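Observations on the three-dimensional arrangement
Letter by letter, the chains look like this.
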Amino acid sequence: MDYQIFDTHCDTLCAVLDKSKSIIKNDCHADFERMARYSRYTQVFACFIAPEYHSCADERTMALIDTFHRVMADTPENIRAILSIEGGEGIYSVAQLRNYYRLGVRIIAPTWNYSNHIASGALEKDENRGLTEFGKKVIAEMNRLGILADVSHLNDKSFYDIAYYSDKPIIASHSNSRAVCRSKAVCPVERNLTDDQFMRIKQSGGCVGINFCPDFLNESGRADIDDIIRHIEHFMALGGEDNIGIGADFDGVDSLPDGINGVEDVYKVFERLAQIGYTAEQIEKISHKNFERILNT
């Protein structure tokens with residue numbers, strides 16, 4: 001396929017480590033064999049630190065990083081793999097953060113839904129709890145190193161704290177629209193972004209990766225490709241042509257929209273955009289160029 005894809009979030013590394021799945025070919029949502037059908041596929045692989053690993057988060061983070069480097073050794077020529085951390089429980093010093101950078105980490109989401117010693121998650125009940133003092137040091141060092149701050153899974157206070165303290169582009173690697181007006185496309189759950197938050201990301205020069213999780217696409221529990229399109233359309237209406245990408249959340253969700261079985265079907269989103277009048281230039285921005293601009297700077 002002629003499409004180039006840049007997807008900023010999948011959890012396939014956990015399946016490779018915990019279930020001994022092959023990254024080359026598997027029955028998960030993502031593998032190299034299916035990615036290689038595209039002219040180029042860039043995939044951000046997350047080191048997801050689930051709550052059950054919080055007591056040994058540094059060991060879990062390193063195990064996933066080691067898995068990444070072990071299985072990516074023979075990456076096909078048209079596939080680019082990037083490493084991220086989802087949940088900063090394993091970051092206890094800026095020295096440790098620097099070591100993660102040396103090992104290839106280029107994106108960090110400080111939390112996964114729940115609060116930790118860096119920031120507060122989307123399910124935090126205290127709306128006044130945000131970035132901690134240590135968290136401010138982490139964000140400053142991430143800025144210095146060139147690690148992108150990922151605001152997916154943060155509560156609102158932590159989001160705005162990072163928007164204030166970061167002097168680099170911020171991203172939401174896998175989040176949709178939370179707005180409760182303008183169209184039925186949007187989905188008002190904590191994991192999604194308000195219009196104001198999207199605008200803050202836009203103003204920073206950052207980008208939002210559209211999440212394919214049905215629960216974040218609408219409130220019915222089931223979704224299709226048109227639901228994905230409507231979230232894109234909503235952000236486009238806010239002037240976000242240069243600030244929208246894909247963050248499908250493959251292998252991190254229990255179900256996918258009708259018509260999407262895995263990486264092999266991502267192209268359908270862009271075919272649908274073409275059908276409703278998007279230009280080739282606009283489609284290229286959303287499919288890969290917007291995130292490429294950020295990750296390559």
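Model, not experiment: these values are computed from the prediction.

1. Thoughts on the overall build of the protein chain
From N to C terminus, the protein chain includes eleven helices and eight strands. Burial status across the protein chain gives 57% buried among its 297 residues. In the protein chain, the share of contacts with a sequence separation of at least 24, taken over all contacts with a separation of at least 6, comes to 70%. Carbon and sulfur atoms provide 46% of the accessible area of the protein chain, an area that totals close to 12100 Å². If the 32 positive side-chain charges of the protein chain are averaged to one point and the 45 negative ones to another, these points end up 4 Å apart.

2. Some points on the packing of aromatic side chains
Aromatic ring pairs are described here by two measures, namely the spacing of the ring centres and the angle between the planes. Inspection of every chain in the model, using the stated rule, returns ten aromatic pairs. The ring of Tyr53 carries Arg60 above its face, with NZ or CZ at 3.9 Å from the centroid. Sitting over the face of the ring of Tyr101, Arg106 holds its NZ or CZ atom 3.9 Å from the ring centroid.

3. Describing the nonpolar core
Taken as a class, soluble globular proteins show a tendency for nonpolar side chains to be buried jointly. One finds Tyr41, Phe45, Phe212, Ile232, Phe250 and Phe270 to be the most contacted residues of the largest nonpolar core, which totals 78 residues. With six residues, the top contributor of residues to this core is helix H9 (residues 225-237). Once residues lying within four places of it in the same chain are set aside, the contact partners of Phe45 are Cys10, Thr12, Leu13, Ile23, Phe32, Met35, Phe68, Met72, Ala81, Ile82, Leu83 and Ser84. One finds Leu148, Ile171, Phe291 and Ile294 within the second-largest nonpolar core, a separate group that totals ten residues.

4. Digging into the layout of surface pockets
Of the voids in this model, the largest pocket is the one considered here, and its volume is about 620 Å³. In this structure, the largest pocket is lined by 32 residues; those nearest its centre are Asp11, Phe48, Asp251, Gly252 and Val253. Secondary-structure elements contributing two or more residues to the lining of the largest pocket are helix H1 (12-18) and helix H8 (214-217). Per-class residue counts for the lining of the largest pocket are eleven nonpolar, eight polar and 13 charged.

5. Examining the environment of Val71
Tracing the sequence through the fold places Val71 in helix H3 (residues 57-71). Since its relative accessible area comes to 14%, Val71 is described here as buried. Sequence separation between Val71 and Leu13 is 58 residues, and the spatial gap between their C-alpha atoms is 9.3 Å. When sequence neighbours within four positions are dropped, the list of residues in contact with Val71 reads Val16, Ile23 and Phe32.

Each value, and the rule that gives it
Residues numbered from 1 in each chain as written. Predicted model: local features only at pLDDT ≥ 70, side-chain atom pairs only at ≥ 80, totals over all residues. Heavy atoms only, no water. Helix = DSSP H or I, 4+ residues; strand = E, 2+ residues; numbered from the N terminus. Buried < 20%, exposed > 50% of the residue type's maximum accessible area, 1.4 Å probe, protein only. Contact = heavy atoms within 4.5 Å. Areas by Shrake-Rupley, 256 points an atom, 1.4 Å probe, with all protein chains shown as cover. Lys, Arg positive; Asp, Glu negative; His and termini not counted. Charge placed at Lys NZ, Arg CZ, Asp CG, Glu CD. Phe/Tyr/Trp six-rings, centres within 6.5 Å; stacked < 30°, edge-to-face > 60°. Lys NZ or Arg CZ within 6 Å of the ring centre and 35° of its normal. Core = buried A, V, L, I, M, F, W, Y, C linked by side-chain atoms within 4.5 Å. 1 Å grid on protein atoms, 1.4 Å probe; cavity = no way out; pocket = protein on both sides within 12 Å on 5 of 7 lines; lining within 4 Å. Points joined across faces, edges and corners; volume = space filled by probe spheres on them. Nonpolar A, V, L, I, M, F, W, Y, C, P; charged D, E, K, R; others polar.

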